[in-house]
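Fold and contact review
These are the residues of each chain, in order.
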Amino acid sequence: MPASKRTSASRYECATSTGWQQVSAPSCTPTLDGLTSYEDAVARLAEAAIPLSDFETVALTAAVGRVLAAPVVSTLDVPGWDYSAMDGYAVRAGDCTEAGCLLPVSQRVPAGTAPQPLQLATAARIFTGAPMPAGADAVVIQEVCEAVDDGVRIGAAVAVGANVRRRGEDILAGAAVVDAGLRLLPQHVGLAASVGVAELSVVRRPRVALFASGDELVMPGQPLTPGKIYNSNLFTATALLQALGCDVVDLGIVEDTLEATKAAISRGAAEADLVLASGGVSVGEEDHVK
């Protein structure tokens, strides 16, 4: 922190990186003049970063949080056929132009079965998700129908397309359903599964070497002797990196010497894609990271 000293009744001097400077108030808050802005610093780091080019294949169950390396392209339509959006009766709308029409039930179509073409002037008992029989163009919900003997009384006029979901309504074959470069969320994994993809190509996890410098540091769980503090930064940074999907190389606590600092940075550079240091970056004689 900047230090100040009083030189007269109304004058103070503040310690700066270029020496002592006179000020008229005892505030030594540094200004931003000449410093790099946060936005410029982030832009410079991003410009210097080398994107990872190593990919690996993982199962869908291990894909959440990973960065997709290649787009997921559907090889099929979803849904793969016209199907019923409701429980009810599949009919030809032209057979039910008025409420109260009576139709024999010619077949029963649960989900997961392949129906026969719909016979003329009949209805098919159908359930949500079941494929539409060829020739049927609408579904009447069961709430407006009355089962009678071997038939059904349709209690309302029927419109073409009512309660029918069309083939390819969600996804068309050839469409990219998840773009490369995305950090995968649960919904992305579900989309991949919906088009039959079992594995995904993802970018290798970044390896980050992490160390904290300072002779005052001790690890949690050890006795805290005078002048010492617990190394909390290591655990905060490790948790943040793991939440971002990184593999962490723990270089531990580095003593406040130039030799130890150089050795830690060299090891980190050899073992990881990024070296992240905590401490040792100020202007004191014990700060060697810079």
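Report on the accompanying structure. Quick caveat, the model's predicted, so the values are computed rather than measured.

Applying the stated criterion across every chain yields a total of 0 disulfides. With no disulfide partner, cysteine 96 has as its closest neighbouring cysteine sulfur the one in cysteine 101, 3.2 Å distant. The buried category is assigned to cysteine 96, whose relative accessible area is 0%.

Another point: the side chain of arginine 204. Note that arginine 204 resides in the loop between strand E15 (199–203) and strand E16 (207–213). The exposure class of arginine 204 is buried, given its relative accessible area of 16%. Within polar-contact distance, the side chain of arginine 204 engages the side chain of aspartate 273 at 3.1 Å. Excluding residues within four positions of it along the chain, arginine 204 makes contact with Leu52, Asp54, Phe55, Glu56, Arg66 and Asp273.

Moving on: the packing of aromatic side chains. Under the defined criterion, the tally for this structure stands at 0 aromatic pairs. Across the ring face of tyrosine 89, the terminal group of arginine 125 is positioned such that the distance to the ring centre comes to 5.2 Å.

The next thing to look at is the sheet that holds strand E9 (residues 123–126). Spatial ordering of the open sheet is given by E10-E7-E9-E8-E12-E11, a layout of 6 strands whose pairing is mixed. The strands lining the two open edges of the sheet, one partner per strand, are strand E10 (138–141) and strand E11 (145–148). Across the sheet, the mean angle separating the axes of adjacent strands is 40° when strand polarity is ignored. Direction of pairing for strand E8 (residues 101–109) relative to E9: parallel, over a ladder of 4 bridges. The residue of E9 that forms the bridge with valine 109 is isoleucine 126.

Residues His188, Val189 and Ala192 constitute the buried set of helix H2 (residues 186–194). Angular distribution of buried residues about the axis of H2 spans 100°; they occupy a single face of the element. Buried residues in H2 make contact with strand E5 (72–73), strand E14 (176–178) and E15. Count one or two residues on from H2 and you reach glycine 196, which has phi positive near 85°.

A few words now on the sheet that holds strand E20 (residues 274–278). Judged by pairing direction, the sheet is parallel, and its 3 strands sit side by side in the order E19-E16-E20 without closing on themselves. Every other strand in the sheet has two partners, leaving strand E19 (247–254) and E20 as the edge strands with one partner each. Taken over all neighbouring pairs, the strand axes of this sheet differ in orientation by 20° on average, direction set aside. Contacts from helix H4 (residues 258–271) reach E16, E19 and E20, with the element oriented near 170° to E19.

Parameters at a glance
Residues numbered from 1 in each chain as written. Predicted model: local features only at pLDDT ≥ 70, side-chain atom pairs only at ≥ 80, totals over all residues. Heavy atoms only, no water. Disulfide = S-S within 2.5 Å. Buried < 20%, exposed > 50% of the residue type's maximum accessible area, 1.4 Å probe, protein only. Helix = DSSP H or I, 4+ residues; strand = E, 2+ residues; numbered from the N terminus. Polar contact = N/O pair within 3.5 Å; in protein donor to acceptor, adjacent residues only side chain to side chain. Contact = heavy atoms within 4.5 Å. Phe/Tyr/Trp six-rings, centres within 6.5 Å; stacked < 30°, edge-to-face > 60°. Lys NZ or Arg CZ within 6 Å of the ring centre and 35° of its normal. Pairing = 2+ DSSP bridges. Axes fitted to C-alpha atoms, helices over the stretch in contact; angles between N-to-C directions. Arc of directions from axis to C-beta.

Everything listed here is a matter of geometry and, on its own, says nothing about what the molecule does.
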